[in-house]
Amino acid sequence: EGLYNLEKILQINQAGRYRYSLLENEKDTLGHFGVHITAPNSIQSLIINNAPNFETKYLKNWLVDQGFAVAMRSSISKDKFKTDFYNQSSYPLNRLNAAMLRPIDFLLIPTSALMQMDKAERNTLHNAVNEGLGVCVWMDMPLDEIPSNIQRRWLVFNMKKGTPEISLPINK
């Protein structure tokens, strides 16, 4: 009698179909139920840094522990990079291009690295975003030091005057 959290009772670590029986005691079966476990979708992430930092290291470790593919590119000096690959094969990361970005689901990049890219590389990145690439640009420098063309394209989202507010219910 009552509700049970099956997530804590059923410790299933492999995808597949399973059939379970609910027992009232050793002799009486209350019923049967099926469980279909699917493997999580694999996420391919690219993390670009000007220098390694705690935040991206922590995120990288978490993604890798979850079994996701992660590529990292950190600047060593102008046009020289250190690259690391986890849960995937390596590939050239010196310059972003459309073919290389196509399988990537998510890119994490600081504004300073975005500013260091030339216009062609930023355009390639912008086109990839239009094709579905998820991007998180984090502010690693004051806004007034970022050129207005980069602010408009990557950081500022203008809302038209009169845009209705969005209200979300609060769960109690």
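What comes next concerns the included structure. (Residues numbered from 1 in each chain as written. Predicted model: local features only at pLDDT ≥ 70, side-chain atom pairs only at ≥ 80, totals over all residues. Heavy atoms only, no water.)

## So, the packing of aromatic side chains
Test applied: Pairing of aromatic rings covers Phe, Tyr and the six-membered ring of Trp, with a centre-to-centre limit of 6.5 Å; geometry is then stacked below 30 degrees between planes, edge-to-face above 60, and tilted otherwise. As a reminder, the over-ring test applies to NZ of lysine and CZ of arginine, requiring each to be within 6 Å of the ring centre and within 35 degrees of the ring normal.
Inspection of the entire model under this criterion finds 2 aromatic pairs. Across from the ring centre of F81, 4.2 Å away, lies the NZ or CZ of R73, which sits over that ring.

## Some details on the sheet that holds strand 4 (residues 69–77)
In any sheet, the strands associate via hydrogen bonds between backbone groups, in a parallel or an antiparallel arrangement. The criterion, for reference: Think of it this way: DSSP has to see at least two bridges between two strands before they count as a pair. Under the scheme used here, helices are H or I runs from DSSP no shorter than 4 residues and strands are E runs no shorter than 2 residues, and both carry numbers assigned from the N terminus. Axis definition: a line fitted to C-alpha atoms, limited for helices to the stretch in contact. Angles are taken between N-to-C directions and run from 0 to 180 degrees.
Read across the open sheet, the 5 strands follow the order 5-4-3-6-7; overall the sheet is mixed. A single partner strand is all that each edge strand has here, and the edge strands are strand 5 (80–86) and strand 7 (134–138). Along the sheet, successive strands turn relative to each other by an average axial angle of 15°, direction set aside. In this structure, strand 6 (residues 106–110) lies alongside strand 7, joined through 5 bridges in parallel fashion. Bridging from a neighbouring strand, L108 pairs with C136 of strand 7.

## Let's talk about the side chain of R73
For clarity, the cut-off: Between buried and exposed lies partly exposed: a residue is buried under 20% and exposed over 50% of the maximum accessible area for its type, with that area taken using a 1.4 Å probe on protein chains only. Whenever a nitrogen or oxygen atom comes within 3.5 Å of another N or O atom, the pair is scored as a polar contact, on the condition that within protein one atom can donate a hydrogen and the other can accept it, and that pairs from neighbouring residues in sequence are kept only if both atoms are in side chains. In this description, contact between two residues means that some pair of their heavy atoms is separated by no more than 4.5 Å.
Along the chain, the position of R73 falls in strand 4. Residue R73 is classed as buried on the basis of its relative accessible area of 5%. A polar contact is formed between the side chain of R73 and the backbone oxygen of L93, at a distance of 2.9 Å. Discounting chain neighbours no more than four positions away, the residues touching R73 are I47, I48, N49, F81, K82, T83, L93, N94, R95, L96, M117 and E121.

## Details of the pairing of strand 6
Within strand 6, 4 of the 5 residues are buried, which leaves the element mostly enclosed by the surrounding structure. Pairing between strand 3 (residues 44–49) and strand 6: 3 bridges, direction parallel. Among the inter-strand pairings, S45 is bridged to a residue of strand 6, identified as F106.

## With respect to the nonpolar core
What counts here: Buried Ala, Val, Leu, Ile, Met, Phe, Trp, Tyr and Cys residues form a nonpolar core when they are joined through side-chain atoms within 4.5 Å.
Grouped together as the largest cluster of nonpolar side chains are 22 residues, with contacts concentrated most on L46, I48, L96, L101, I109, L114 and L125. Elements with a contribution of two residues or more to this core: strand 3, helix 3 (98–101), strand 6, helix 4 (111–116), helix 5 (119–130) and helix 6 (148–155). Not counting the four nearest positions on each side in its chain, L125 is found in contact with L96, L101, L107, L114, M117, L133 and W154.

## Points about helix 5
Keep this limit in mind: What a helix is expected to span follows from its residue count: subtract one and scale by 1.5 Å. As used here, the arc is the angular range of directions from the helix axis to the C-beta atoms.
Its 12 residues give helix 5 an end-to-end C-alpha distance of 16 Å, which sits within 8% of 16 Å, the value for a rise of 1.5 Å per residue. Those residues of helix 5 not exposed but buried are E121, R122, L125, H126 and A128. Down the axis of helix 5, the smallest arc covering the buried residues is 160°, so these residues share one side. Projecting away from the buried face of helix 5 at angles above 90 degrees are the exposed residues K119 and N130. Of the residues flanking the start of helix 5, the one acting as N-cap is D118, its side-chain oxygen 3.2 Å from the backbone nitrogen of A120. Once helix 5 ends, the next one or two residues include G132, with phi positive near 120°.

## A look at the environment of V135
You can see V135 is positioned in strand 7. A relative accessible area of 28% means that V135 is categorised as partly exposed. Taking the C-alpha atoms as reference points, V135 and W154, 19 residues apart in sequence, are found 9.4 Å from one another. Leave out the neighbours within four places in its chain, and V135 touches L107, I109 and V129.

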